[in-house]
Each structure stands twice: as C-alpha cells, then as structure tokens.
Amino acid sequence: MKLYIKHFRIFFIIWIVCAVATGCFWGYRKNNPRAEITRGNTQCLQKDRVFDRGDKLTDEEEQKLEELIAKKQDECGCDIILVTLNEPLGNEWNGIRDWADDFYDENLFGYDRAHGDGAVLVDNWYSFGDYNGDTWLSTSGRVESRYSSSDIDELLDAVCSVVNENPYEAYRIYVNGIAKHMNGGIGSARVPAVVAVIVSLLVAVGYFTYHFYAKVAKDTTTPMTYVTGGKPVMVNKEDRFLHKSVHKHRIESSSGGGGGHHVSSGGFSHGGGGHHH
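A short tour of the structure in this document, coming up. (Residues numbered from 1 in each chain as written. Predicted model: local features only at pLDDT ≥ 70, side-chain atom pairs only at ≥ 80, totals over all residues. Heavy atoms only, no water.)

Here we come to the overall build of the protein chain. Broken down by element type, the protein chain carries 8 helices and 6 strands. Reading the protein chain from its N end, one meets helices and strands in the order α-α-β-α-β-α-β-β-α-α-α-α-β-β. Across the 277 residues that make up the protein chain, the buried fraction comes to 35%. A total accessible area of about 17,500 Å² is found for the protein chain, and carbon and sulfur atoms account for 56% of it. (Helix = DSSP H or I, 4+ residues; strand = E, 2+ residues; numbered from the N terminus. Buried < 20%, exposed > 50% of the residue type's maximum accessible area, 1.4 Å probe, protein only. Areas by Shrake-Rupley, 256 points an atom, 1.4 Å probe, with all protein chains shown as cover.)

As structure tokens, then:
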C-alpha cells in the first residue's frame, strides 16, 4: 500500500495545488468583486440605462432600476438597457426589432466595446387588436451567443406575464434575468469554490482507486493462465477488402450567434425575439 501511495503522490500534490489555487482565486475575487471585469467601452457617452418614453414608471422606480442595472452590469460584464415606448412601429416584428437594434447601435452600447456585449428590452405600449403592446429583446456580443431562442422566450414569458399589472416588477425580472443568465454556468467561472475542491478530490481518489485495483487484478493472471496446455495456439486469419459502400448525409449548420440571429441596418450582429402582451 505504501508503494502505491508513493507512486501516486504526484496526483495528490496536483490536487493540493489546485485546491490552494482555487481558494486564493476565490478569496481574491471576494475581496475585489470588480477585479475580474473591467468596462472597456470608452465610446459610449450615454450614462442612462432606463429610457421611459412610454411613461410607465415613476421617478422613484426609474431611479431604482438605474441603480439595479448599474450593479448587475458590473457583475455580469454586459450593458443592460430598458426602453418603454407608446408609438406605432407597425404590426410586423421587423418594426420593433429594427428600432431596438438601431437604438443600441446608435448609442454605441456594449460593455466591452461599442456594439459589444449587452441587451436592450424595448417595451412598446402602443395597443392594437387584442394586444396591449409588444416587447422585443435585442441581444449583442456575448449575450447574443449565450441566449438561444428558447432562453429568450423564457425570459420574455416571465416579463410579459406581469408587465400589464406591474411594469416595474416586469422590468426588474428582465434586469435580474439577464444578469443571472450571463453569470450562470461553468463557462462564466462562477462555480462555488467548495464544489471545485470536492470535484478535484473525487477525481484524485477515483484515479488512485482505479489504478490500484487494476494493478492488483492484473497480477492475479499471466498470459498463459487460460491457455490449454500452457501453450498458445496461433490461428492464421486474413481479411480481404472486396467492396466499399459510402452513404453521405449533409448536416445542416447555422451561421452566426444565438437565438434570432440577424444583421442590423448598421451592419452589426444581433439576436432577439419578441412577445405580445
């Protein structure tokens, strides 16, 4: 047993180093919450993030949303924009979609750079038919890549389920939803430190256990153990290639980023989707 522990000591050393490095990394992040993300966009001069042109919020609600957005933007590294309207943009989705994209592009929004990482929710309260209005989410940069069509639908379902009764709460759902989605998952390196340490330990123990018992099992047999008479019998076999049959199937792939990918009138990539409310 001591021999095997000595043989695999390198793996325990690696695990200890990983655990210590993880602890130091998370300790640094905890004491420096803004150190991991730095705003890189110096072209955008627009300081506001809430544009209540449809007059659906009180001044206090606007201020609270601005403060919430400022906090969440720095947490997830994405611009989060909200616009309310009350004007005809046409009954086709292209109208509100183009308006949202152009508003984002013309104001040079984007956390990392102009036209970069971010999203804008445009909520148009101009009613027509059986609907009180339309809501469109336009995504850009990392947000476009991360949000699939189903992700967009899920967020807009949550927003539109309460927007008619409580616009302020609906817009809070939007802001928190974007931040949570962009912060979530292994890709954003926000796995709790204890999980990383436990996984590292399990991998090290599993590796050691597997190789230990594999070695023990290997030593109980020899190459001649199951050979009659202790001598191997060699059978000469030959494969001949006679015929080849090839079936081709084209795998369709989509270019661009996430859900609703398209190019705006300004030539910039966006994703997006819309709901009625």
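This is not the end of the story, as more comes after the structure.
Their axes nearest at 8 Å, the elements helix α6 (residues 149-160) and helix α7 (residues 167-183) cross at an angle of 150°. Classified by the interaxial angle, the pair formed by α6 and α7 is roughly antiparallel. Considering how the two elements wind past one another, α6 and α7 form a crossing that is right-handed. From α6, D151, L155, A158 and V159 reach across to α7, where they touch A170, I173, Y174, G177, I178 and H181. (Axes fitted to C-alpha atoms, helices over the stretch in contact; angles between N-to-C directions. Parallel < 35°, antiparallel > 145°, perpendicular 65-115°, else oblique. Left-handed = near helix turned anticlockwise from the far one by under 90°. Contact = heavy atoms within 4.5 Å.)

Attention now moves to the nonpolar core. Grouped together as the largest cluster of nonpolar side chains are 28 residues, with contacts concentrated most on L82, L121, L137, Y171, Y174 and I178. Every element with two or more residues in this core is listed here: α3 (59-76), β2 (79-85), β3 (118-124), α6 and α7. If we ignore the near neighbours within four places in the chain, the residues touching L82 are R49, V50, F51, L57, L65, L121, Y171 and Y174. L85, W99, F103 and V120 belong to the second-largest nonpolar core, a separate cluster that totals 15 residues. (Core = buried A, V, L, I, M, F, W, Y, C linked by side-chain atoms within 4.5 Å.)

Let's shift gears to unusual backbone geometry. Look at L108: it is not a glycine, yet its phi comes out positive at around 60°. By secondary structure assignment, the location of L108 is in the loop between α4 (93-106) and β3.

What follows deals with α6. Its 12 residues place the ends of α6 16 Å apart at the C-alpha level, agreeing with the 16 Å of an ideal helix rising 1.5 Å per residue. The set of residues buried in α6 consists of D151, I152, L155, L156, V159 and C160. Down the axis of α6, the sector holding all buried residues measures 155°, keeping them to one side. Seen from the buried face of α6, the exposed residues on the opposite side, beyond 90 degrees, are S150 and E154. (Expected span 1.5 Å × (residues − 1). Arc of directions from axis to C-beta.)

Moving on, we come to the sheet that holds strand β5 (residues 262-263). Taken together, the 6 strands give an open sheet; going across it, the order is β1-β2-β3-β4-β6-β5, and neighbouring strands pair in mixed fashion. Both edges of this open sheet fall to β1 (50-52) and β5, since each of them pairs with a single strand only. Pairing of β5 with strand β6 (residues 269-276) involves 2 bridges; the strand directions are antiparallel. Directly across from H262, in β6, lies its bridge partner H270. The sheet contacts of α3 involve β1 and β2, and relative to β2 the element is tilted by about 150°. (Pairing = 2+ DSSP bridges.)

Rolled over the atoms, a probe sized like a water molecule indicates the empty space that remains. There is about 190 Å³ of room inside the largest pocket. Surrounding the largest pocket, Y147, D151, E154, L155, A158, I173, G177, K180 and H181 form its lining. Secondary-structure elements contributing two or more residues to the lining of the largest pocket are α6 and α7. Its residues assigned to classes, the lining of the largest pocket shows 4 nonpolar, 2 polar and 3 charged. (1 Å grid on protein atoms, 1.4 Å probe; cavity = no way out; pocket = protein on both sides within 12 Å on 5 of 7 lines; lining within 4 Å. Points joined across faces, edges and corners; volume = space filled by probe spheres on them. Nonpolar A, V, L, I, M, F, W, Y, C, P; charged D, E, K, R; others polar.)

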